[in-house]
Amino acid sequence: SQYSAVDTNPLSVYIMQPIWNKIIKIVPLWIAPNLLTFSGFVMILVNYFLISFYDWDYTASGTSPGLVPTWVWLFSAFTTFCAYALDSIDGKHARRTQSSTPLGELFDHGLDSWATSIFVLSFFSVCSRDNGKTGVSVYTMYIYLSIVLFNFMCSHWEKYNTGVLFLPWGYDISQVVLITAYLLTGAVGVEVWQKPFLFGYYITDALVILLIGFSLFLSFPQTLYNIHRAHLKKTLKNDSLYEGLLPVVSPLLLFVLLTVWVVLSPSNILAKQPRLFLWMVGVAFSNVICKVIICQMSSTRPELFHWFLFPLALVVYTAISGLLGWTEEAVLAVLTALVTAAHVHFGVCVGTQLSEHLNIYIFSLKKRVQE
């Protein structure tokens, strides 16, 4: 299917696009677009693990403000900007080198679906965990992450139904906010997040309210409106309501199961291991969405129940019924490792199969020699 995306965000159209058009000119023509995409993702990962090293349990900023060195925040701003730039120019570069392929589209959106949660998880270190005075609670973090992922899901669910990806306005805005937040933290220190800034509200409160407002009153209604418009114009990809709603079944069930675990966990698993739990949420979600992206690109029907829902349901049941007892954290660690390994394996397999099928290399513009 021909890739089509629509971007109407003024920030993107008037400010960022001209910047990307300048940057793209310095990229050598022999570099494969997927290499740009992947480099951006690796930078996000490196940054995430660096922050995790200094702040495993999200308490550093709230308890001992100097614990994360200033250079780490500046490095975060730098890597976030680079990843944002690379993610914005990879498609332009593909058109420039006439190497746009379905593999590139899948590679880009697939890595985006994972990067989305990693951006959010890195940012939580800035606002820090609730320590009674400042910070956000781990439950707020979970809800915040879920909303961001819900937004991501919406734009791909919309593309599944309309064939057009309407780029969410929130994307460019969130990237600029992230970079600014890291620079501010590097310049002033994490203390800036721990002082009320307007009417007794903290900056973090404002960001949470903005995010929820953006999602519920802008992104989601826009998605429904675009699908409705396609329905009126008779350009919908799917005839039945059942088929149209298929892609959202697994993500919603995933969210329900995870929320049941968070709320009913006897050992309060989210408070004990927020980093592990939220990472697992992000990876599981990314895997579910990647399947939807593949179905949407290949015009096939997604399965009703994603495979991960079954082991997760089992773990959640044994956890909340108290059967796991003190092993709950260990089981979460094993589950997180398995899901991450499965997701990476899935990505490598799909990438290899597509590159063989399309007779191209993933990270090189050289053509494969026909056997």
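None of these values were measured; they are calculated from a predicted model.

### A closer look at the packing of aromatic side chains
Then step 1. Scanning the entire structure with this criterion turns up 23 aromatic pairs.
Then step 2. Ring centres 6.0 Å apart and planes at 40 degrees place the aromatic pair Trp20 and Phe81 in the tilted group. Residue Trp20 is located in helix 1 (residues 10-24), and its partner Phe81 is located in helix 4 (residues 70-96); the two are separated by 61 residues in the primary sequence.
Then step 3. Classification of Trp20 by relative accessible area gives buried; the value is 1%.
Then step 4. The class of Phe81 is partly exposed, set by a relative accessible area of 33%.
Then step 5. Residues Trp20 and Tyr84 carry aromatic rings whose centres are separated by 4.9 Å and whose planes lie at 80 degrees to one another, so their mutual orientation is edge-to-face. Remark: Tyr84 occurs in helix 4 and Trp20 occurs in helix 1; sequence separation between them is 64 residues.
Then step 6. Directly above the ring of Tyr58 sits Arg275, whose terminal nitrogen or CZ lies 4.1 Å from the centroid.

### Examining a nonpolar patch on the surface
Then step 1. On the surface, a cluster of nonpolar side chains totalling about 470 Å² of accessible area is made up of Val13, Tyr14, Ile15, Ile19 and Phe81.
Then step 2. Of all the elements, helix 1 adds the most residues to the nonpolar patch, at four residues.
Then step 3. When you line up the elements, Ile15 lands in helix 1.
Then step 4. Judged by relative accessible area, which is 46%, Ile15 ranks as partly exposed.

### Brief notes about the side chain of Thr162
Then step 1. Residue placement: Thr162 occurs in helix 6 (residues 138-162).
Then step 2. Leave out the neighbours within four places in its chain, and Thr162 touches Asn226, Ile227, Ala230, Thr235, Leu236 and Lys237.

### Some details on the pattern of salt bridges
Then step 1. Taken as a whole, this structure holds four salt bridges when the rule is applied.
Then step 2. The shortest N-O distance in the salt bridge between Lys159 and Glu105 comes to 2.8 Å. One end of the pair, Lys159, is in helix 6; the other, Glu105, is in helix 5 (residues 102-127), with 54 residues separating them in the sequence. As far as the burial class goes, Lys159 and Glu105 line up, both buried.

### Focus: the confidence of the model for the chain
Then step 1. Across the chain, the average pLDDT comes to 90, with 98% of residues at or above 70.
Then step 2. Mean pLDDT per element in the chain: strand 1 (residues 5-6) is the minimum at 76, and helix 12 (residues 309-320) is the maximum at 97.

### A few points about helix 6
Then step 1. Here helix 6 contains 25 residues, and its C-alpha end-to-end distance of 36 Å stays within 8% of the 36 Å for a straight helix at 1.5 Å per residue.
Then step 2. Within helix 6, 21 of the 25 residues are buried, which leaves the element mostly enclosed by the surrounding structure.
Then step 3. Taken from the residues just after helix 6, Gly163 is the one with a positive phi, measuring 80 degrees.

### Brief notes about the packing of helix 1 against helix 4
Then step 1. Two elements in contact, helix 1 and helix 4, have axes whose closest approach is 9 Å; the angle formed by their N-to-C orientations is 70 degrees. The angle between the axes of helix 1 and helix 4 places the two elements in the roughly perpendicular class. The hand of the helix 1/helix 4 crossing is right-handed. Here Met16, Gln17, Trp20, Asn21, Ile23 and Ile24 of helix 1 lie close against helix 4, whose contacting residues are Phe81, Tyr84, Ala85, Ser88, Ile89, Lys92, His93 and Arg96.
Then step 2. Taken together, the residues that form the contact of helix 1 with helix 4 break down as eight nonpolar, four polar and two charged.

Thresholds applied
Residues numbered from 1 in each chain as written. Predicted model: local features only at pLDDT ≥ 70, side-chain atom pairs only at ≥ 80, totals over all residues. Heavy atoms only, no water. Phe/Tyr/Trp six-rings, centres within 6.5 Å; stacked < 30°, edge-to-face > 60°. Helix = DSSP H or I, 4+ residues; strand = E, 2+ residues; numbered from the N terminus. Buried < 20%, exposed > 50% of the residue type's maximum accessible area, 1.4 Å probe, protein only. Lys NZ or Arg CZ within 6 Å of the ring centre and 35° of its normal. Patch = residues over 30% accessible without salt bridge, like charges linked within 9 Å, V, L, I, M, F, W, Y side chains within 5 Å. Areas by Shrake-Rupley, 256 points an atom, 1.4 Å probe, with all protein chains shown as cover. Salt bridge = Lys/Arg side-chain N within 4 Å of Asp/Glu carboxyl O. Contact = heavy atoms within 4.5 Å. pLDDT = per-residue confidence, 0-100. Expected span 1.5 Å × (residues − 1). Axes fitted to C-alpha atoms, helices over the stretch in contact; angles between N-to-C directions. Parallel < 35°, antiparallel > 145°, perpendicular 65-115°, else oblique. Left-handed = near helix turned anticlockwise from the far one by under 90°. Nonpolar A, V, L, I, M, F, W, Y, C, P; charged D, E, K, R; others polar.

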